[in-house]
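Each chain, written out:
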Amino acid sequence: LVIIDTLAQALPGSDENSVQDVSPALRFLADLAQTRNLCVLVVHHERKSAEAVGLAAMRGSSALAAAADTA
């Protein structure tokens with residue numbers, strides 16, 4: 001198990017709202033998990049809004065929700 005706590009801390013200088021910044025990190029983590037037979041858990045914060053739940057509540061690029069197995 002590899003824990004990334006938090007995604008924003010692991011990507012200094014990157015914009016979590018940008019697909020161009022987030023996608024390479026997600027590809028790297030997926031490749032890491034697959035090639036090393038690991039589970040990767042990424043801690044990421046929800047939006048401040050209380051109306052959204054689950055993947056819809058995830059802040060940042062929609063690529064984050066698309067890559068998540070669970071939230």
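Small disclaimer: the values here were computed from a predicted structure and weren't measured. (Residues numbered from 1 in each chain as written. Predicted model: local features only at pLDDT ≥ 70, side-chain atom pairs only at ≥ 80, totals over all residues. Heavy atoms only, no water.)

A. Quick look at the overall build of the protein. Within the protein one finds three helices and two strands. Counting from the amino terminus, the protein carries its helices and strands in the arrangement β-α-α-β-α. Considering the protein as a whole, with its 71 residues, one finds that 25% of them fall into the buried category. Across the protein, contacts joining residues at least 24 apart in sequence account for 54% of those joining residues at least 6 apart. Accessible surface, the protein as shown: approximately 5,100 Å² in total, 52% of it carbon and sulfur. (Helix = DSSP H or I, 4+ residues; strand = E, 2+ residues; numbered from the N terminus. Buried < 20%, exposed > 50% of the residue type's maximum accessible area, 1.4 Å probe, protein only. Contact = heavy atoms within 4.5 Å. Areas by Shrake-Rupley, 256 points an atom, 1.4 Å probe, with all protein chains shown as cover.)

B. Broad picture of the layout of surface pockets. Taken as a whole, the largest pocket spans an internal volume of roughly 660 Å³. Of all the secondary-structure elements, those providing two or more residues to the lining of the largest pocket are helix 2 (19-36), strand 2 (40-43) and helix 3 (62-67). If you tally residues by element for the lining of the largest pocket, the top one is helix 2, at four residues. (1 Å grid on protein atoms, 1.4 Å probe; cavity = no way out; pocket = protein on both sides within 12 Å on 5 of 7 lines; lining within 4 Å. Points joined across faces, edges and corners; volume = space filled by probe spheres on them.)

C. Expanded view of the nonpolar core. Among the nonpolar cores identified, the biggest contains eight residues, and these are Leu7, Leu11, Val22, Ala25, Leu26, Met58, Ala63 and Leu64. Taken together, the elements giving at least two residues each to this core come down to helix 2 and helix 3. Broken down by element, the residue count for this core peaks at three residues, all from helix 2. (Core = buried A, V, L, I, M, F, W, Y, C linked by side-chain atoms within 4.5 Å.)

D. How the structure looks around the confidence of the model for the protein. Chain-level pLDDT for the protein is 85 on average; 85% of the residues reach the 70-or-more range. When pLDDT is averaged over each element of the protein, strand 1 (residues 2-5) comes out on top at 96 and helix 3 at the bottom at 84. (pLDDT = per-residue confidence, 0-100.)

E. Molecular detail of unusual backbone geometry. Looking along the chain, the bond that leaves Asp5 and enters Thr6 is cis, with omega of -10 degrees. For Thr6, the position within the fold is in the loop between strand 1 and helix 1 (7-10). Phi is positive for Asn37, which is not a glycine, with a value near 55 degrees. One can find Asn37 in the loop between helix 2 and strand 2. Exposure remark for Asn37: the relative accessible area of 71% places this residue in the exposed category.

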